[in-house]
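Residue strings, one per chain:
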Amino acid sequence: DTGVSQNPRHKITKRGQNVTFRCDPISEHNRLYWYRQTLGQGPEFLTYFQNEAQLEKSRLLSDRFSAERPKGSFSTLEIQRTEQGDSAMYLCASSLDRGRSGANVLTFGAGSRLTVL
Amino acid sequence: GNSVTQMEGPVTLSEEAFLTINCTYTATGYPSLFWYVQYPGEGLQLLLKATKADDKGSNKGFEATYRKETTSFHLEKGSVQVSDSAVYFCALSATSGGSYIPTFGRGTSLIVHP
């Protein structure tokens, strides 16, 4: 297994355009998380999936953001009508939920950096 | 809600110096606590963890003890190396409305000089 893979690594777009990021988790992991990280800050939770079900979304996730995980495998995060404030690193992480969710260790991808001009 | 507070960086040390990075938390219930490290150009990776009070997590010479009475999980290393230069994130995983959502601190940058 090559770990968590994210694409593209860097996306530059103009304000108002739509962008989509893809995350391929570790194959046996049933949980998948999306976080956003800005300069000098820690990762901020956006949403997570247990298999294909989206179980929780942060209040940070406006209506312009949507995430999917069809068939419980890879996931996509789409941002519609991008704004300059959306510029950030978008991190994907996965974990294996063995029933002790609090002790789950996340494996992160290297992130997808979004720059909105 | 759940939150993590870390000391601000950057922390700048000479090689072989002693390292402490402070971390305190606020959480409902009994959280699990973690330290993640991010090396330049790489994703965050787990450094160590502790899942109950008085547990000590350790890895690569780093240690942290889960102190429930002071709600702290300070990271320590007795002798740092240049290769330890990275950003360190303290994190907790605690129930929030029934789900365990990992919550991260803002990170502390460590710079080690030869």
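Bear in mind that the values here come from a model prediction, so they are computed numbers and not experimental data.

Draft legend 1. Representation of the interface of chain B and chain A within the structure. Counting residues at the interface gives 20 residues for chain B and 23 residues for chain A. Together chain B and chain A conceal approximately 1700 Å² of surface at their shared face, both sides included; 54% is due to carbon and sulfur atoms. The largest contributions to the chain B side of the interface with chain A come from Leu44, Ile101 and Arg106 of chain B, which together make up 28% of the buried area. Our enumeration of links across chain B and chain A arrives at zero salt bridges. The interface formed by chain B and chain A holds two residue pairs in polar contact (both at pLDDT 80 or more) in total. Residue contributions to the side of chain B that touches chain A peak at five residues, all from strand β11 (residues 99-104) of chain B. Counted by class, the side of chain B that touches chain A contains nine nonpolar, nine polar and two charged residues.

Draft legend 2. Local environment of the nonpolar core. Within the largest apolar cluster, 27 residues are counted, with the highest numbers of intra-cluster contacts made by Leu19, Trp35, Leu47, Leu48, Phe73, Leu75 and Tyr88 of chain B. Elements that contribute at least two residues to this core include exactly β2 (11-14), β3 (19-21), β4 (23-26), β5 (32-38), β6 (45-50), β8 (62-65), β10 (86-96) and β12 (108-113) of chain B. Per element, the largest residue contribution to this core is five residues, and it comes from β10 of chain B. If near-sequence neighbours (up to four positions away) are discounted, leucine 75 of chain B is found in contact with Leu19, Thr20, Ile21, Trp35, Leu47, Leu48, Phe62, Glu63, Ala64 and Tyr88 of chain B. With 19 residues, the next largest nonpolar core counts Phe49, Ala67, Ile79 and Ala88 of chain A among its residues.

Draft legend 3. Focus on the sheet that holds β3 of chain B. Residue and element names in this part refer to chain B. Spatial ordering of the open sheet is given by β3-β9-β8-β7, a layout of four strands whose pairing is antiparallel. The open sheet is flanked by β3 and β7 (56-59), the only strands paired with a single partner. Recorded for the sheet is a direction-independent mean angle of 15° between the axes of neighbouring strands. Two elements, β3 and strand β9 (residues 75-77), share three bridges in a ladder whose sense is antiparallel. Of the residues in β9, the one forming a bridge with leucine 19 is lysine 77.

Draft legend 4. Structural view of the pattern of salt bridges. Overall, the coordinates contain six salt bridges over all chains when judged by the stated rule. As a salt-bridge pair, aspartate 24 of chain A and arginine 22 of chain A come within 2.8 Å of each other at their nearest N and O atoms. According to the relative accessible area criterion, aspartate 24 of chain A is partly exposed, its value standing at 25%. Here lysine 56 of chain B and glutamate 63 of chain B are joined by a salt bridge, their closest N and O atoms 3.6 Å apart.

Draft legend 5. Geometry of the confidence of the model for chain A. Per-residue confidence for chain A averages 92 on the pLDDT scale, and 95% of its residues sit at or above 70. Mean pLDDT across the elements of chain A ranges from a minimum in strand β6 (residues 53-57) of chain A, with 90, to a maximum in strand β3 (residues 19-24) of chain A, with 98.

Draft legend 6. Highlighting the pairing of strand β4 (residues 31-37) of chain A. All names here are of chain A. Burial runs high along β4: seven of the seven residues are buried. The turn linking β4 back onto strand β5 (residues 44-50) is made up of six residues, and glycine 40 within it adopts a positive phi angle of 80°. Of the pairings in the sheet, the one linking β4 to strand β9 (residues 88-95) comprises seven bridges and is antiparallel in character. The partner of tyrosine 35 across the bridge, within β9, is leucine 91.

Draft legend 7. Representation of the state of the cysteines within the structure. Residue and element names in this part refer to chain A. By the definition in use, this model includes two disulfides over all chains. In this model, cysteine 23 is linked to cysteine 92 through a disulfide, with the two sulfur atoms separated by 1.9 Å. With the S-S bond torsion at -70°, the cross-link from cysteine 23 to cysteine 92 turns out left-handed. With cysteine 23 in strand β3 and cysteine 92 in strand β9, this pair connects stretches of sequence that are 69 residues apart.

Rules used throughout
Residues numbered from 1 in each chain as written. Chains lettered and ligands numbered in written order. Predicted model: local features only at pLDDT ≥ 70, side-chain atom pairs only at ≥ 80, totals over all residues. Heavy atoms only, no water. Contact = heavy atoms within 4.5 Å. Buried area = accessible area lost by both parts, 1.4 Å probe. Salt bridge = Lys/Arg side-chain N within 4 Å of Asp/Glu carboxyl O. Polar contact = N/O pair within 3.5 Å; in protein donor to acceptor, adjacent residues only side chain to side chain. Helix = DSSP H or I, 4+ residues; strand = E, 2+ residues; numbered from the N terminus. Nonpolar A, V, L, I, M, F, W, Y, C, P; charged D, E, K, R; others polar. Core = buried A, V, L, I, M, F, W, Y, C linked by side-chain atoms within 4.5 Å. Buried < 20%, exposed > 50% of the residue type's maximum accessible area, 1.4 Å probe, protein only. Pairing = 2+ DSSP bridges. Axes fitted to C-alpha atoms, helices over the stretch in contact; angles between N-to-C directions. pLDDT = per-residue confidence, 0-100. Disulfide = S-S within 2.5 Å.

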